[in-house]
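Coordinates in review
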Amino acid sequence: MKRCTTQLIPAVFAALTLAGPAIGSEGEDRHDRVHEFHEMMEQLGEHTQRIVQAINHEDWEWVASEARAIAEHSRPPAEERRRIRAFTGDRHAKFAEYDKAVHSDAAELAESADEGDGREVINAFARLQTSCLDCHGAFRAEFRRHFYLTE
Ligand code: HEC
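As a convention, each chain's residues are numbered from 1 in the sequence order in which they are written. Totals for whole chains, interfaces and linings use all residues, but because this is a predicted model, local features are given only for residues with pLDDT of at least 70 and pairs of side-chain atoms are given and counted only at 80 or more. Hydrogens are left out, water is left out, and the side-chain values use all remaining heavy atoms of the structure.

Considerations on the site of the ligand
Within the structure, the ligand sits among 18 residues, and His38, Met41, Cys132, Cys135 and His136 are positioned closest to it. His38 is positioned such that a nitrogen or oxygen atom in its side chain is 2.6 Å from an oxygen atom of the ligand. In protein, a polar contact means a hydrogen-donor-capable atom and an acceptor-capable atom, both N or O and within 3.5 Å, with residues adjacent in sequence counting only if both atoms are side-chain atoms; elsewhere, any N or O pair within 3.5 Å suffices. At a separation of 2.7 Å, an oxygen atom of the ligand approaches a polar side-chain atom of Tyr148. Strands are runs of DSSP state E lasting at least two residues, helices are runs of H or I lasting at least four, and both sets are numbered from the N terminus onward. At the level of elements, helix H2 (35–56), helix H5 (92–114) and helix H6 (118–147) are the ones that each hand at least two residues to the shell around the ligand. With 7 residues, the single largest contributor to the shell around the ligand is H2. By convention in these notes, a residue is near a molecule or strand provided one of its non-hydrogen atoms lies within 4 Å of it.

Observations concerning unusual backbone geometry
Even without a glycine there, the phi angle at Glu58 is positive, about 50°. The buried label applies to any residue whose accessible area, calculated with a 1.4 Å probe on protein chains only, is under 20% of its type's maximum; exposed applies above 50%, and partly exposed to all values in between. Looking at Glu58, the relative accessible area reads 57%, which means it is exposed.

What to know about the packing of aromatic side chains
Stacked, edge-to-face and tilted are the three classes for Phe, Tyr and Trp ring pairs, Trp counted by its six-membered ring, which pair at centre distances within 6.5 Å; planes under 30 degrees apart are stacked, over 60 edge-to-face, the rest tilted. Under the counting rule described, the total for this entry stands at 8 aromatic pairs. Ring centres 5.5 Å apart and planes at 90° place the aromatic pair Phe87 and Phe143 in the edge-to-face group. Residue Phe87 is located in helix H4 (residues 78–88), and its partner Phe143 is located in helix H6; the two are separated by 56 residues in the primary sequence. Ring centres of Phe95 and Phe139 lie 5.0 Å apart, and the angle between their planes is 85°; this geometry places the pair in the edge-to-face category. Residue Phe95 is found in helix H5, and its partner Phe139 is found in helix H6; the two are separated by 44 residues along the sequence.

Re the coordination of the iron atom of the ligand
Note that water is not among the atoms considered, so a metal site may appear incomplete; the donors listed are N, O and S atoms within 2.8 Å of the metal, with 3.2 Å applied to Na, K and Ca. Distances from the iron atom of the ligand to its protein donors, namely Met41 (SD) and His136 (NE2), fall within the range 2.1 to 2.3 Å. Labels for metal geometry use angle windows, namely 85 to 135 degrees for all angles of a four-donor tetrahedral site, and for square planar (four donors) or octahedral (six donors) sites opposite donors over 155 degrees apart plus all others within 65 to 115; sites meeting none of these are irregular. Considering all 6 donor atoms around the iron atom of the ligand, the spread of angles at the metal, 88 to 179°, places the coordination shape in the octahedral class. In this pair, Met41 is assigned in helix H2 and His136 in helix H6, connecting sequence segments 95 residues apart. Assessed through its relative accessible area of 28%, His136 is described here as partly exposed.

Describing H5
Helix span, expected: 1.5 Å multiplied by one less than the number of residues in the helix. Here H5 contains 23 residues, and its C-alpha end-to-end distance of 33 Å stays within 8% of the 33 Å for a straight helix at 1.5 Å per residue. Whether two residues are in contact is decided by their heavy atoms, any of which lying within 4.5 Å being enough. Buried residues in H5 make contact with H2, helix H3 (60–71), H4 and H6. Note on H5: the residue one or two positions beyond its end, Gly116, has a positive phi of about 65°.

With respect to the nonpolar core
For this analysis, a nonpolar core means a set of buried residues of the types Ala, Val, Leu, Ile, Met, Phe, Trp, Tyr and Cys, connected via side-chain atoms within 4.5 Å. In terms of nonpolar packing, the biggest core is built from 19 residues, with Ile51, Ile55, Val63, Ile70, Leu109, Val121 and Leu128 touching the most fellow members. The set of elements that each furnish at least two residues to this core consists of H2, H3, H5 and H6. Look past the residues within four positions of Leu109 in its chain and what remains in contact with it is Ile51, Val63, Ala67, Val121, Ala124, Phe125 and Leu128.

Structure below.
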């Protein structure tokens, strides 16, 4: 029995060492560290792209439904939120504020779309995009370095 275990250990180490560089060299693989958060961002990106299309078609109902999907977007699981909070540290209030702004801007956009007010839709959409940009400006680069990069 004892011999069995001692032989197994180097085998496990070898497997880990082999797997190591493969994970390390693929930056993309590190996304699983906050995978749900990243998925959520990709979805926000898709909704905003569809809003642009919907505006071009003057399809206000479509704008409203995409905007509501943003306003009601889900949160990442508690475990990811905990790690994000550990990263944002004493700047967490700021991070949460940007998120809140996105929710309320999106809700306002949906209301303007319900009213079929094209100009106000475009203004509200600009405010929404600005809220995305503000958080990205303050956190994105550092966030990506912290969670995804291997150097
Ligand atoms: C509270 C902060 C915050 C807000 C608000 C926010 N984002 Fe992000 N977003 C991030 C962070 C941090 C990243 C980098 C992490 C990542 O790529 O997973 C990111 C990444 C992304 C990405 C991935 C880009 C890439 O290079 O892969 C997209 C797309 C995106 N956000 C879209 C949006 C859109 C659209 C909105 C507004 C509707 C928005 N985000 C609002 C923090 C935020």
